[in-house]
Amino acid sequence: MTMQISVKDFRAIKTAEFEAKPGNIVLVTGENEAGKTSLVRALLATRPNLQVSVSHTTRPPRPQELDGRDYYFVTPERFAEMVRQDAFLEHARVFDNWYGTGAQQLRERLDAGLDVLLEIDWQGARQVRSARADCTSIFILPPSPAALEQRLRERRTDSAQTIARRLADARTDMSHHAEFDYVVVNDQFERAAQERGADTGRTTGRGCAPAGRSSRGCCSSCWADRLALPDAVHCA
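An account of the accompanying structure is given in this report. (Residues numbered from 1 in each chain as written. Predicted model: local features only at pLDDT ≥ 70, side-chain atom pairs only at ≥ 80, totals over all residues. Heavy atoms only, no water.)

1. Quick look at the overall build of the chain
Consideration 1: Along the chain, the regular secondary structure elements total ten helices and eleven strands.
Consideration 2: Relative to all contacts within the chain whose residues are 6 or more apart in sequence, the contacts with residues 24 or more apart total 72%.
Consideration 3: Total accessible area on the chain stands at roughly 12,100 Å², and carbon and sulfur atoms take up 47% of it. (Helix = DSSP H or I, 4+ residues; strand = E, 2+ residues; numbered from the N terminus. Contact = heavy atoms within 4.5 Å. Areas by Shrake-Rupley, 256 points an atom, 1.4 Å probe, with all protein chains shown as cover.)

2. A few points about the side chain of Gln105
Consideration 1: Checked against the element boundaries, Gln105 lands in helix α5 (residues 103–111).
Consideration 2: Polar side-chain contacts of Gln105 include one of 3.2 Å to the side chain of Tyr72.
Consideration 3: Discounting chain neighbours no more than four positions away, the residues touching Gln105 are Ser53, Val54 and Tyr72. (Polar contact = N/O pair within 3.5 Å; in protein donor to acceptor, adjacent residues only side chain to side chain.)

3. Quick notes on the nonpolar core
One recurring pattern in soluble globular proteins: nonpolar side chains tend to sit buried together.
Consideration 1: Grouped together as the largest cluster of nonpolar side chains are 22 residues, with contacts concentrated most on Ile25, Leu27, Leu118 and Val128.
Consideration 2: Broken down by secondary-structure element, the contributors of at least two residues to this core are β2 (25–30), α5, β8 (115–119), α6 (122–131), β9 (136–141), α7 (145–155), α8 (160–174) and β10 (182–185).
Consideration 3: Take this core: its biggest share by element is four residues, from α8.
Consideration 4: Look past the residues within four positions of Val128 in its chain and what remains in contact with it is Ile25, Leu27, Leu89, Glu90, Leu118, Ile120 and Cys135. (Core = buried A, V, L, I, M, F, W, Y, C linked by side-chain atoms within 4.5 Å. Buried < 20%, exposed > 50% of the residue type's maximum accessible area, 1.4 Å probe, protein only.)

4. Examining the environment of Asn97
Consideration 1: Looking at the element boundaries, Asn97 is found in strand β7 (residues 97–102).
Consideration 2: Sequence spacing of Asn97 and Arg59 is 38 residues, and the spatial spacing of their C-alpha atoms is 5.6 Å.
Consideration 3: The contact partners of Asn97, leaving out residues within four places of it in the chain, are Thr58, Arg59 and Ala92.

5. Some details on the packing of α7 against α8
Consideration 1: Interaxial distance between α7 and α8 falls to 11 Å at its minimum, and their mutual angle equals 145 degrees. The chirality of how α7 crosses α8 is right-handed. On α8, the residues touching Leu148, Glu149, Leu152, Arg153 and Arg155 of α7 are Ile163, Arg166, Leu167 and Ala170.
Consideration 2: Across the contact of α7 with α8, the residue classes break down as five nonpolar, no polar and four charged. (Axes fitted to C-alpha atoms, helices over the stretch in contact; angles between N-to-C directions. Left-handed = near helix turned anticlockwise from the far one by under 90°. Nonpolar A, V, L, I, M, F, W, Y, C, P; charged D, E, K, R; others polar.)

6. Description of the pairing of β8
Consideration 1: Within β8, four of the five residues are buried, leaving the element largely enclosed by the surrounding structure.
Consideration 2: Sheet topology places β2 next to β8; four bridges connect them, and they run parallel. Paired with Ile25 across the two strands is Val116, which belongs to β8.
Consideration 3: Relative to β8, strand β3 (residues 50–52) is paired through three bridges, and the arrangement is parallel. Each bridged residue has a counterpart across the sheet, and for Leu50 the counterpart in β8 is Asp115. (Pairing = 2+ DSSP bridges.)

7. Section: the sheet that holds β7
Consideration 1: Taken together, four strands build an open sheet; the order of strands is β5-β4-β7-β6 and the sheet is mixed. A strand with exactly one partner marks an edge of an open sheet, and here the two such strands are β5 (72–73) and β6 (88–94).
Consideration 2: Judged from the six bridges that link them, β6 and β7 form a sheet pairing that is antiparallel. When the bridges of β7 are listed, Glu90 appears paired with Thr101.
Consideration 3: Relative to the sheet, helix α4 (residues 76–84) contacts β4 (56–57), β6 and β7, its axis offset from that of β6 by approximately 140 degrees.
Consideration 4: Strands β5, β6 and β7 of the sheet are contacted by α5, whose axis makes an angle of about 35 degrees with β7.

8. Topic: unusual backbone geometry
Consideration 1: Notably, Gln64 is not glycine yet its phi reads approximately 80 degrees, a positive angle.
Consideration 2: Secondary-structure assignment places Gln64 in the loop between β4 and β5.
Consideration 3: Relative accessible area serves as the criterion here: at 69%, Gln64 is assigned to the exposed category.
Consideration 4: Phi at Asp86 takes a positive value of approximately 60 degrees, unusual for a residue other than glycine.
Consideration 5: Looking at the element boundaries, Asp86 is found in the loop between α4 and β6.
Consideration 6: Classification of Asp86 as exposed rests on a relative accessible area of 63%.

Here it is, written out as structure tokens:
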């Protein structure tokens, strides 16, 4: 059952379980424009034992990106060869490019007792959950469709046609939210990055509610209304 939680409680997910059993996998899925990067950084800042897995991709590096730090940049031919060698725990095509999580690299970190965070799309997350049912999966949503479109346009890097396609793809992606353990509706893009100093102890239930429990504070433009998310605190 999917549980919807607030931004504040995002970083306290399964704290007790992580401390009791090292070598955990955390899956985080969502559009970058949903504030995913800021939330992931905040989560990493509170968990020294948590590391981000570096994915392989066939897309060219962007300015400021470094091979081995942001991604392992490989040719389509090399990626296809790795698929044939069963070198990926998961792999999927996203926006005309291929992405994959190296199985050996992940296994080495888990065997060393580290917790590993995978920033992957819903296709890859489904593959990982199939192989590792004990992983924790989190879907991050922007506060509304309009907010997502606004952030895409503010980037000023995509054409109107590309933005339209990304929005259409985002709607498809969002339809898979119920497959995840947690859903975070991030209406605190800037505030989320500033919450790193907040208490990171066991989740107390403040700001979160299990599916089906009624809470107030939702706005009519939220994804909750569009996607039939559980009626929980998601605009706090």
